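Structural features, examined
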Amino acid sequence: MKRNSMTPHHYLLGTSGAKLRKCCSSLTVFFLTLCILHLLSSSATAQTTTSTIEGTVTDANGAVVAGAEVKVSGTALATERSATTDAEGFYRLTALPAGTYTLTVSHAGFATSTANIEVTLNRVLSFDVQVKVGNVGEVVNVSADEQPLLEPNASSTGATVTPRQITEFPVNGRNYLDLLQLVPGVAINRQSVGDNSNPVLGERSGNNNFMIDGQPNKDTVNGGPAAQFNQETIAQFQVLTTGYKAEFGQASGATVNVITKSGGKGFHGVGSLFHRNEVFDGVNSLDLTKKDPFRLRRFDYSLALGGPVIKDRVFFFGSSERITENRQLDFKFPSTGNAVVDGLLHAQEDPLNNLTRTFETRNFFKLDEQLGRHHLTEELNYTNQAIREFSPLSAAGGLPSTRNDSGARHLLLGFADTMLLGEQSSPWVVTLRGAYRGEPSDSRPTHPSAGAGTLFVPFSSNCTLATCLIVGDLPRPSFG
């Protein structure tokens, strides 16, 4: 649709009040119409968190079967879609949340065919069904393994990390994003932040985009996800590396499309406790003279529960996780070759060389409502992290007197309404989303009483370029 140019403001200002109100009313209706048409035209295909099953129904001779009823019902949520095959035997079932479905095909004179299909997010699956002549009430089970679930029209490359992989694969630290390593072309560097933390196909991490249930979750300053999520909260996620559709956008690197769990028809919960201790760690083979073991004590415990609030209508899911960690920084005082200087350095820094302590809480709650042809979701995610005695590893050499205390809180409130408009067999899918994000943070010196930070320069100016490169030079501290 070509947008008409607006009437110049000089003309509007010159009209009477009644005409002005009439013009404003007309413009309001015009722009609302444009918005609705835009939503209808874009949302019919832009399903970033749901999927579509389509295919052709034929008989044993290969002839198409028109007028067959095709229905899918979800085993978890009360999700049900139905369609009727057209004159070419084609059907399409849209707006299906990720999960396992039972597909049923029925037609007069044919036996009813059923199949169980596992649907992952953001896919258009092609599943053809061949029905057999049979009596009324006869049921034929069709295995989805007999026919591969094809996606012939997909131009994107990447992979989907399934619920089974998230549940069963060992992840050090319980960070679900470590499973990005299952996707070809993705590298993970947990020792770095920002542009080097998770590059994809050579792209910087800041060029990647992160989404959670269709909502933006990208840290536009440092790269990576803005809000962290409890691993028990994540249902599955998709990593698109190249060729993805325009509805994702805002990324020249990868798009990490994450969806969270929902409550089901029955009550299901899980509790977990993970513990790490230096007793089970090996000794650094390069430091055999070290008497005290490297200190690491980490506790990670979580609870999750989901189920129905109103049968087949309203469902809930919630989870909570608490992480505490005490970690000894592997910091060693280098020798400057001067016993007096070394003594001053130890006397000042030893009392400040404490354990790094981390405290983090992650809470999540979600409601799903099936109201007629509307699927409503409301979710809340809140994380609170505090780090004490953190070494910034800056030009100051990471001395204990330069360590920082930091805190960060992330609040994400999200709302979505997926509507099916038009005919039941071939509806328009319209999704409206809104979100609020709050991300206050602070950082301050751990030891402000230490005064100006003590600098530790690895090389002094007492050597030439050649001697520094070949034989090095003794480090030089500069006391604050």
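In what follows, the structure referred to is the one given above.
Heads up: these notes are all about the structure in this document. (Residues numbered from 1 in each chain as written. Predicted model: local features only at pLDDT ≥ 70, side-chain atom pairs only at ≥ 80, totals over all residues. Heavy atoms only, no water.)

Brief notes about a nonpolar patch on the surface
Side chains of Phe365, Leu380, Leu413 and Tyr436 sit close together on the surface and give an oily, nonpolar patch of about 360 Å² of accessible area. Structurally, the position occupied by Tyr436 is in strand E21 (residues 428-438). (Patch = residues over 30% accessible without salt bridge, like charges linked within 9 Å, V, L, I, M, F, W, Y side chains within 5 Å. Areas by Shrake-Rupley, 256 points an atom, 1.4 Å probe, with all protein chains shown as cover. Salt bridge = Lys/Arg side-chain N within 4 Å of Asp/Glu carboxyl O. Helix = DSSP H or I, 4+ residues; strand = E, 2+ residues; numbered from the N terminus.)

Some remarks on the sheet that holds strand E6 (residues 112-119)
In space, the 5 strands of this open sheet follow the order E3-E2-E5-E6-E9, with mixed pairing throughout. Both outer strands of the open sheet, strand E3 (80-84) and strand E9 (139-141), are each paired with one neighbouring strand and no more. Strand-to-strand twist in this sheet, taken as the mean axis angle between neighbours without regard to direction, amounts to 20°. (Pairing = 2+ DSSP bridges. Axes fitted to C-alpha atoms, helices over the stretch in contact; angles between N-to-C directions.)

Notes on the sheet that holds strand E13 (residues 234-242)
In spatial order, the strands read E10-E13-E14-E11-E12; together these 5 strands make up an open sheet with mixed pairing. Every other strand in the sheet has two partners, leaving strand E10 (157-161) and strand E12 (215-216) as the edge strands with one partner each. Sheet topology note: the E13/strand E14 (residues 255-260) ladder contains 6 bridges and is antiparallel. The residue bridging Phe237 from the neighbouring strand is Val258, located in E14.

Comments concerning the pairing of strand E11 (residues 209-212)
Of the two faces of E11, the one carrying Asn209 and Met211 and the one carrying Phe210 and Ile212 are both buried. Both E11 and E14 contribute to a ladder of 4 bridges, which runs parallel. The residue of E14 that forms the bridge with Asn209 is Thr255. Direction of pairing for E11 relative to E12: antiparallel, over a ladder of 2 bridges. Paired with Ile212 across the two strands is Gln215, which belongs to E12. Counting the residues that bridge the hairpin from E11 to E12 gives 2 residues, and of these Asp213 lies at a positive phi of roughly 55°. (Buried < 20%, exposed > 50% of the residue type's maximum accessible area, 1.4 Å probe, protein only.)

Remarks on unusual backbone geometry
Not every positive phi belongs to a glycine, and Asn122 is a case in point at roughly 55°. Along the polypeptide, Asn122 turns up in the loop between E6 and strand E7 (124-126). In the Ramachandran plot, Asp213 falls in the positive-phi region, its phi being about 55° despite a non-glycine side chain. Note that Asp213 resides in the loop between E11 and E12.

Here's the deal with the environment of Arg433
Positionally, Arg433 belongs in strand E21. A sequence separation of 218 residues divides Arg433 from Gln215, and the C-alpha atoms of the two residues are 7.5 Å apart. Ignoring sequence-local partners within four residues, the contact set of Arg433 consists of Thr48, Thr49, Asp213, Gly214, Gln215, Phe415 and Ala416. One polar contact links the side chain of Arg433 to the main-chain carbonyl oxygen of Asp213, over a distance of 3.5 Å. (Contact = heavy atoms within 4.5 Å. Polar contact = N/O pair within 3.5 Å; in protein donor to acceptor, adjacent residues only side chain to side chain.)

Observations regarding the pairing of strand E17 (residues 314-327)
Counting buried positions along E17 gives 10 out of 14 residues, so the element sits mostly inside the fold. By the bridge criterion, 14 bridges tie strand E16 (residues 296-310) to E17 in an arrangement that is antiparallel. Bridged to Ala304 within E17 is Ser319. The turn joining E16 and E17, which pair antiparallel and follow one another in sequence, is formed by 3 residues; a positive phi near 60° is taken by Asp312. Looking at chain direction, E17 and strand E18 (residues 356-371) are connected through 14 bridges and run antiparallel. Considered in E18, the bridge of Ser319 is made with Phe364.

Concerning the nonpolar core
Grouped together as the largest cluster of nonpolar side chains are 25 residues, with contacts concentrated most on Tyr176, Leu180, Phe229, Ile234, Phe237, Val256 and Val258. Residue assignment for this core shows that the elements contributing at least two residues are E11, E13 and E14. At 3 residues, the largest contribution of residues to this core is made by E13. (Core = buried A, V, L, I, M, F, W, Y, C linked by side-chain atoms within 4.5 Å.)

Some points on helix H4 (residues 339-349)
Taken together, the buried positions of H4 are Asp342, Leu345 and Glu349. One face of H4 carries all of its buried residues, which in axial projection span an arc of 65°. Across H4 from its buried face, at more than 90 degrees, point the exposed residues Ala339, Val340 and Ala347. (Arc of directions from axis to C-beta.)

Details of the packing of aromatic side chains
Across all of its chains, the model carries 5 aromatic pairs by this definition. Note on Phe316 and Phe365: the rings are 6.5 Å apart at their centroids and 25° apart in plane angle, and the pair reads as stacked. With a gap of 49 residues between them, Phe316 in strand E17 and Phe365 in strand E18 connect regions that are remote in the sequence. For Phe316, a relative accessible area of 17% translates into the label buried. Every member of this aromatic cluster is reached through a ring pair, and the members are Phe229, Phe317 and Phe364. (Phe/Tyr/Trp six-rings, centres within 6.5 Å; stacked < 30°, edge-to-face > 60°.)

Description of the side chain of Thr377
Note on placement: Thr377 falls in strand E19 (residues 374-390). Accessibility expressed as a relative area gives 14% for Thr377, which makes it buried. If we skip the residues at most four places from it in the chain, Thr377 touches Lys366, Leu367, Asp368, Glu369, Gly414, Phe415 and Ala416.

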